[in-house]
Amino acid sequence: MRGAAFTAGIWYVFNDIFYEDRDMTNTEPKVSSTLDFSAQGKHHGYLSIPHSRNDSGWGAVHLPIVSIRNGEGPTMVLTGGNHGDEYEGPIALMKLARTLNAGGISGQVIIIPALNFPAVMAGNRVSPIDGVNMNRAFPGRRDGSVSSMIAHFVHHKILPLADAVLDIHSGGKTMMFSPFACYHRIADAGVMEQAKQAMLAFGAPVSLELVELDAEGMLDTAVEDMGKIFVGCELGGGGTTTTHTVSIAETGVRNLLAHFEIIAGKPQSREDRGLPSTRMMHMPDSNCFVICDDTGIYEALIDLDSPVDTGDVIGQVHFPEKPERTPEVYRAARAGTLIGRSHKVLVGPGDFLALIAADM
Ligand SMILES: [Zn+2]
């Protein structure tokens, strides 16, 4: 018995080393691309992600991607649909992909309107295939699930080409934001300043120095870890769009391309467009987030863009099974302005209720 256990132990150790070694040395994606990213001109193609399943034995997911390249200049990667229920990105980027031509640019623009394509087609935040949140899947695995393989291809084959990345988000079905563009506080002060200037060029109503609740696995973090410029945004939410939020995305994308001198002309500033200047805000501490601790019906008691003081009531949770019970009140733990809130009403412990930012 002892001998057999020893032999099995050796086998497991060998197996571990073998597989570990295989993962470490082979970084070539299983995903293939119909595009040659070094080719000049405008090319529509797709990534092919192997996906063998009951209704398609040798099947694959085809994820549309566009490369527009002309001469010398920076490369910008534009992504939408990282979460499948956020639509400003897909709409603005499909419009851009149809209208931007190689003759109109210097450098390269790589457009992925629906980064988590299966999630976008399902209208859900995460992929219906593997339940994975694309923005927690980076750097991905070459032999992982469909979402993980997409992240792996983007990480290994697309991000290395980029000088700057814009990822367009909104709140999805469960959150609503006062439209903002954002950058992160990162160790490299030079890159951080470039990201901040790019964010300001984007021209959203609010410009936020954002602190993430959970940064590991995000596209943002992958880009920043490569020392590249990352700009994000949250343009609305509720699983829909408005003419206002889509126009912010469309103008913002063109402004960024102008900022990096990929297209001619200067970014159109908010002032040039007769709009109030952007409001520069930050998140000084974790008290910016209000998180739910009850199960029930959430009643928001102040609206987006309202000022709050420490201790102000921002909402309350009612208990439909006990109408006589006094609602649980939620208060702001710091002063600032409400720029994000829960869009869903049926809430539970751990749910996001509110985001409070302070003027910088
Ligand atoms: Zn999102």
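Residues numbered from 1 in each chain as written. Predicted model: local features only at pLDDT ≥ 70, side-chain atom pairs only at ≥ 80, totals over all residues.

**A look at helix α5 (residues 189-202)**
Counted only if it meets this: A run of DSSP states H or I qualifies as a helix once it reaches four residues; a run of E qualifies as a strand once it reaches two. Both are numbered from the N-terminal end. Each helix should span, by expectation, one fewer than its residue count multiplied by 1.5 Å. With C-beta atoms placed from the backbone, a residue counts as buried when 20 or more other C-beta atoms lie within 10 Å of its own, as exposed when 12 or fewer do, and as partly exposed for counts between those limits. Remark: residues whose backbone-derived C-beta atoms lie within 7 Å of one another are considered to be in contact.
Taking 1.5 Å of rise per residue, 14 residues should cover 20 Å, and α5 covers 20 Å from first to last C-alpha, within 8% of that figure. Turning to α5, its buried residues number three or more, namely Q194, A195, A198, M199, L200, A201 and F202. Where α5 is buried, its residues touch β6 (164-169), β8 (180-184), β9 (206-210), β10 (229-234) and α7 (243-259). Positive backbone phi, approximately 85 degrees, marks G203, located one or two places after α5.

**Observations regarding the sheet that holds strand β15 (residues 313-318)**
The condition that has to hold: Pairs of strands are assigned from DSSP output, requiring at least two bridges between the strands.
Taken together, the four strands give an open sheet; going across it, the order is β16-β15-β13-β18, and neighbouring strands pair in antiparallel fashion. Each edge of the sheet is formed by a strand with only one pairing partner; in this case those strands are β16 (328-331) and β18 (346-347). In this structure, strand β13 (residues 296-300) lies alongside β18, joined through two bridges in antiparallel fashion. Bridging across to β18, I297 finds its partner in L346.

**Observations concerning the environment of V146**
Within the element layout of this structure, V146 appears in helix α4 (residues 146-158). In sequence terms V146 and I302 are 156 residues apart; their C-alpha atoms lie 40 Å from each other. The contacts of V146, once residues within four sequence positions are left out, are I49, H51, V61, P118, S127, I129 and D130.

**Some thoughts on the packing of α5 against α7**
This is how the line gets drawn: Only the stretch in contact is used when a helix axis is fitted, and all axes are lines through C-alpha atoms; the angle between N-to-C directions ranges over 0 to 180 degrees. Angles below 35 degrees are treated as roughly parallel, those above 145 as roughly antiparallel, those between 65 and 115 as roughly perpendicular, and all remaining angles as oblique. Left-handed describes a crossing whose near helix is turned anticlockwise from the far helix through less than a right angle; right-handed describes the clockwise counterpart.
Viewed as axis vectors pointing N to C, α5 and α7 meet at an angle of 135 degrees, and their least axial separation amounts to 8 Å. Regarding the angle of α5 to α7, the classification is oblique. The way α5 lies across α7 gives a crossing that is right-handed. For the pair α5 and α7, the contacting residues are A198, A201 and F202 in the first and G252, N255, L256 and H259 in the second.

**Some remarks on the confidence of the model for the chain**
Applicable threshold: The pLDDT value expresses, per residue, how confident the predictor is, ranging between 0 and 100.
Averaged over the chain, the pLDDT score is 94; the fraction of residues at 70 or greater is 93%. Put simply, helix α1 (residues 2-25) is where the chain has its lowest mean pLDDT, 48, and strand β4 (residues 75-79) is where it has its highest, 99.

**Topic: unusual backbone geometry**
Note the cis peptide between F138 and P139, where omega equals 5 degrees. Looking at where P139 falls in the secondary structure, it is placed in the loop between α3 (117-122) and α4. Despite not being glycine, E261 has its phi angle at roughly 60 degrees, a positive value. Looking at the element boundaries, E261 is found in the loop between α7 and β11 (279-282).

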